[in-house]
Amino acid sequence: MHRETINSTTPAFYRVNYDLEGAKDSVFELLARRYFRHTLTDLTDNDLFFTAEQIFEVEQKADIGSTWHVGVDTFGYQVSTEFGCTLWAPLQSVNARGQRGGMTYVPQHVISGEWFFEQIEPAVVSTLKAKERAGIKTNTPDYVSLKRGILNSPPMVEILEAHCVEEDFEPGDVLFFNKMVVHRGVALEEGPLAKRAAYVMRFVDARSHYDLKRAQDLEYPVQKYRTGLFAYKPFTRQPMEMAEAGAADGDLISECAYFSEPDRRMLRRERRPDRA
Ligand SMILES: [Fe+2]
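Now for a quick tour of the structure.

Reading guide: rules and limits
Residues numbered from 1 in each chain as written. Predicted model: local features only at pLDDT ≥ 70, side-chain atom pairs only at ≥ 80, totals over all residues. Helix = DSSP H or I, 4+ residues; strand = E, 2+ residues; numbered from the N terminus. Buried ≥ 20, exposed ≤ 12 C-beta atoms within 10 Å, placed from the backbone. Contact = placed C-beta atoms within 7 Å. Pairing = 2+ DSSP bridges. Axes fitted to C-alpha atoms, helices over the stretch in contact; angles between N-to-C directions. Left-handed = near helix turned anticlockwise from the far one by under 90°. Nonpolar A, V, L, I, M, F, W, Y, C, P; charged D, E, K, R; others polar. Core = buried A, V, L, I, M, F, W, Y, C linked by C-beta atoms within 7 Å.

**Comments concerning the overall build of the protein chain**
Part 1: When helices and strands are counted, the protein chain shows eight helices and ten strands.
Part 2: The buried share of the protein chain, reckoned over its 276 residues, is 34%.
Part 3: Within the protein chain, contacts between residues separated by at least 24 positions form 82% of all contacts whose residues are at least 6 apart in sequence.

**Let's talk about the pairing of strand 5 (residues 103-106)**
Part 1: Where strand 5 lies against strand 8 (residues 182-185), four bridges are found, and the strand directions are antiparallel. When the bridges of strand 8 are listed, T104 appears paired with R184.
Part 2: Across two bridges, strand 5 lies against strand 6 (residues 165-166) in antiparallel orientation. In the strand pairing of strand 6, Y105 is matched with V165.

**Considering the packing of helix 3 (residues 114-133) against helix 4 (residues 140-149)**
Part 1: Where helix 3 meets helix 4, the closest approach of the two axes is 9 Å, and the angle between their N-to-C directions is 145 degrees. As for the relative orientation of helix 3 and helix 4, their crossing is right-handed in sense. The residues of helix 4 that touch helix 3, namely those facing V124, T127 and L128, are D142, Y143, L146 and K147.
Part 2: When grouped by side-chain class, the residues that make up the contact of helix 3 with helix 4 number four nonpolar, one polar and two charged.

**Details of unusual backbone geometry**
Part 1: At R100, a residue that is not glycine, the phi angle is positive and equals roughly 60 degrees.
Part 2: On the basis of neighbour count, R100 is assigned to the buried category, with 21 C-beta atoms found within 10 Å.

**Re the nonpolar core**
Part 1: Judged by nonpolar contacts, the single largest core of 41 residues is most densely connected at L48, F49, V182 and F203.
Part 2: Filtering out sequence-adjacent residues up to four positions away, F203 remains in contact with L40, L48, F49, F50, T51, G84 and C85.

**Let's talk about the environment of P262**
Part 1: Within the secondary structure, P262 sits in helix 8 (residues 262-265).
Part 2: For the pair P262 and T51, spaced 211 residues apart in the sequence, the C-alpha separation amounts to 9.4 Å.

**Thoughts on the environment of R214**
Part 1: Its place among the elements puts R214 in helix 6 (residues 212-225).
Part 2: On the basis of neighbour counts, which here come to 21 C-beta atoms within 10 Å, the residue R214 falls in the buried class.
Part 3: Spatially, the C-alpha atoms of R214 and D249 are 9.8 Å apart, while their sequence positions differ by 35 residues.
Part 4: Excluding residues within four positions of it along the chain, R214 makes contact with G76, Y77 and S80.

This is the structure we're talking about:
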């Protein structure tokens, strides 16, 4: 577990753990349940492939929550226009009008992150490279500023904060949202709960494809400046580890050798007579 900081001396999370190690039998058993599979594949109208599980934990008063973002890092191995989604499950109650510490998001009919995903994100590294070619030195804060600054500029924050939704959760409730949804983690305010943890599952369209350039762009700050958005390496390593495991640009993600037990990761839609 690691305390992580995003462009600030105040941590965004108390602890974060990427792609939990150890046996995945219990999560595969969950994926095999018909109700779980039907719910996710019906809601998305997609066959889904489970790619990662994570834990995020925020600590009262110590963590500021995250800044506004879309899934450009988490889904940094996938062609930007293809479907990916997250299931976020808090492990403690979240009271949006009380201690907070949950998740807030902006409905896509107000602001969708597609423009950021498909146009801004790919231009971040090319902008830094252009500056370097022109003899202008760049660094990690430049990278973070380009990457985080646009969605967190004062006018954009004003729009997002005016339209965001922040809901209550009980253990067992989940927020299920696609990678284009603009969202952020909310700080845990003063109250009885010292920490709030959430379990997160990531899925992609089972027919979606590996994007090597996006994976390489995520690694750029680590290679160029020796540090990335987060100090903890695996945040950007998963996309490149897929290439190291043999994935080529354009390969089906669900067929990448990087993923253990691919059959157990697959959630296929079932043709049912009650659903035309
Ligand atoms: Fe997120």
